[in-house]
Amino acid sequence: MSVSKLTTLSEGIDRLVSDGSSVAIGMAQETLIPFFAGHEIIRRKKRNLTLIGPISDILFDQLIGGNCVEQICAGWVGNVITGSCYNFRRAVENKSLKMEDHSNLTLTMALFAGAMGVPFMPTRTALGSDLYQTNSGLKIMSCPFTGETLTAVSAIRPDTAIIHVQRSDPYGNAHIWGNLAIVKEACMASRNILITAEEIVDSEIISSDPNRVAVPGFKVSAVVHAPWGAYPSPVPGYYNRDHQAFIDYRNKSKTDTDFKKWQAIWVDSVPDSDAYMARIGIERMTALSITHHVVSASADFGY
Amino acid sequence: MLPQSEYTLSQLMVAAASREINDKEVVFVGMRLPMLGFLLAKSTHATESIGIYELGVVRDRLSPEPVLTMGDLPNLTHAQWLANTADMMGLLQQGLVDVSFIGGAQVDRFGNLNTSYIGGYESVKIRLPGSGGACDLSCLAKRHIIIMSHEKRRFVERVDYITSPGYGEGFEWRTRTGLPRGGPSAVITTLGVFRFDPQSKEMILQSIHPGVTEEQVMANTGWNLKTASPLFQTPIPTEKELAMIKKFDPSGYWTGPGSATES
């Protein structure tokens, strides 16, 4: 019999995100960003982390502002609808943050190599760029078969991947849908996986559609029930993106002092999911709810 | 012809971007003005073009409602394919993407782009967000179009850091470097539209926007820029194009007066 992996967010973060560890978070790009779990990392005062992600939207900036980060391994760090992020800028410009500069393709290949258990993956991107100067995991190679010039991307094996999903059973079998970006590669490559889910459901619901499972439950370390856990990013089937929250964040994080005020309101004084939903407020939650439902045709997995 | 007061510079740039897309082409769509350029093309002259979005979305029809990011839920609804970044990048790396668009912060005479480190990485003055998918698009699409603000500090002889390679140091550089194809085919700025000389691979001024002078372009460019002869004026957006742009950007977030892009 499987053992339930359901736990609280604090316990999950304490167990799976230790000081100095590497964390892949925000793997679906603009959707399904585990903001609430990221905020718990700030609340638990985790230090010297390496953050791994394609584009983080504003979550990496928040973790940098929360003094959690030593190194960033990413394709892009900013605020998707407004541009640069200020904590990130300040940290790189005063040289308190180490960078491994990826493109989205090189990061995908790094995690894919980790997922496949091989030391590197070849790609044709990044040739002629300066990414090689600021990423120790990229090297020029010659194809052993054709002699072509390629980029070799060193494997990344994060200590922990944190993903947000629509629904999970207590054993870590989770349904995720929408665009998936590098969710699967990151889960496969990581030593531990922490899942935050909009809903916890019966295993029969999950196994009725195994194609939609992110990663087999035996590979998952912890499952946390976190409704609205991706807010302000969107969750297909659950809620839309809160653009205004991203604009507000830009306006309220320009200085370190401003950021600390933002952190006090949105992170420090929000101990749990109920508090997070209360902070978002019923008015915003209603405005962001799904109003045009497009339900897929069912698929028969019978025999 | 519409007077200049009837459209914004961003709208003119979006219209110029849309004209770079031919019907039935596969377009790797970026954020901001490029996304609007694709939507405009898709709803006017390139109705059978296909849009690929790096987060794992392929669309062969317009989203049912306007979006601000490629991950907004209407952009997922009735997509042709929802999949992984590796799938999108596979299409790109195989050479199946005809055209892509990328934004720039700093560009040089050979179309190399810097969106990472102004001042270089050792003595960084301004850290910008980085590559995202831009490096991949500039390396692997059949052609790419650069869209950016035109200022002297941004148009430099040599970029401080190459995030997204253009033609490197000029003729045949891409082949020597091992890049399989591509290179920038146009640069659309707040002052004009630029192409690249087929031999030298240097950027050439092709057209200037209404109300802009050639001298103004030269004064805002950090090298001795060559000009096409004859020099054209960039076509202004038609009323139909403007109506479409307003439909896709109803709040004017990207293209309205005083918008994110205009300011």
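Remember, it's a predicted structure, so these values are computed and weren't measured experimentally. (Residues numbered from 1 in each chain as written. Chains lettered and ligands numbered in written order. Predicted model: local features only at pLDDT ≥ 70, side-chain atom pairs only at ≥ 80, totals over all residues.)

Draft legend 1. Focus on the overall build of chain B. On a plain count of helices and strands, chain B comes out with seven helices and 14 strands. In terms of overall size, chain B behaves like a compact globule, its C-alpha atoms giving a radius of gyration of 18 Å where 263 residues would be expected to give roughly 18 Å. Counting every position in chain B, which comprises 263 residues, the buried fraction comes to 55%. Across chain B, the fraction of contacts at a sequence separation of at least 24, relative to all contacts at a separation of at least 6, is 66%. (Helix = DSSP H or I, 4+ residues; strand = E, 2+ residues; numbered from the N terminus. Rg over C-alpha atoms; globule rule 2.2 N^0.38 Å. Buried ≥ 20, exposed ≤ 12 C-beta atoms within 10 Å, placed from the backbone. Contact = placed C-beta atoms within 7 Å.)

Draft legend 2. Here's a closer look at unusual backbone geometry. In the segment running from A:Y231 into A:P232, the intervening peptide bond is cis, with an omega of 10°. Secondary-structure assignment places A:P232 in the loop between β11 (222-225) and α8 (243-251). Residue B:S229 is joined to B:P230 through a cis peptide bond whose omega torsion reads 5°. At A:A181, a position not held by glycine, the phi torsion is positive, near 45°. Inspection of the secondary structure assignment puts A:A181 in the loop between β9 (174-175) and α6 (183-189). With a phi close to 65°, B:K201 is a non-glycine residue in the positive phi region. With respect to the helices and strands, B:K201 occurs in the loop between β12 (192-196) and β13 (203-208). Note on B:K201: 21 C-beta atoms within 10 Å, which makes it buried.

Draft legend 3. Geometry of the sheet that holds strand β14 (residues 226-233) of chain B. Residue and element names in this part refer to chain B. Here we have ten strands laid out as an open sheet, ordered β4-β3-β2-β1-β5-β10-β11-β12-β13-β14, and mixed in their pairing. Sheet topology places β4 (81-82) and β14 at the edges, where each strand pairs with a single neighbour. Summarising the sheet, strand β1 (residues 26-28) and strand β2 (residues 50-53) pair through three bridges and their orientation is parallel. Residue pairing in the sheet places F28 in a bridge with I52 of β2. Seen against the sheet, helix α2 (residues 33-43) touches β1, β2, β5 (99-103) and β10 (143-148) and runs at an angle of roughly 145° to β5. (Pairing = 2+ DSSP bridges. Axes fitted to C-alpha atoms, helices over the stretch in contact; angles between N-to-C directions.)

Draft legend 4. Molecular detail of the interface of chain B and chain A. Every contact between the two is made by 47 residues of chain B and, on the other side, 51 residues of chain A. Sorting the residues of the side of chain B that touches chain A by element identifies α3 (85-94), α4 (134-140) and α5 (173-177) of chain B as the ones contributing at least two each. Residues that form the side of chain B that touches chain A fall into these classes: 24 nonpolar, 18 polar and five charged. (Nonpolar A, V, L, I, M, F, W, Y, C, P; charged D, E, K, R; others polar.)

Function cannot be read off these values alone, since they describe shape.
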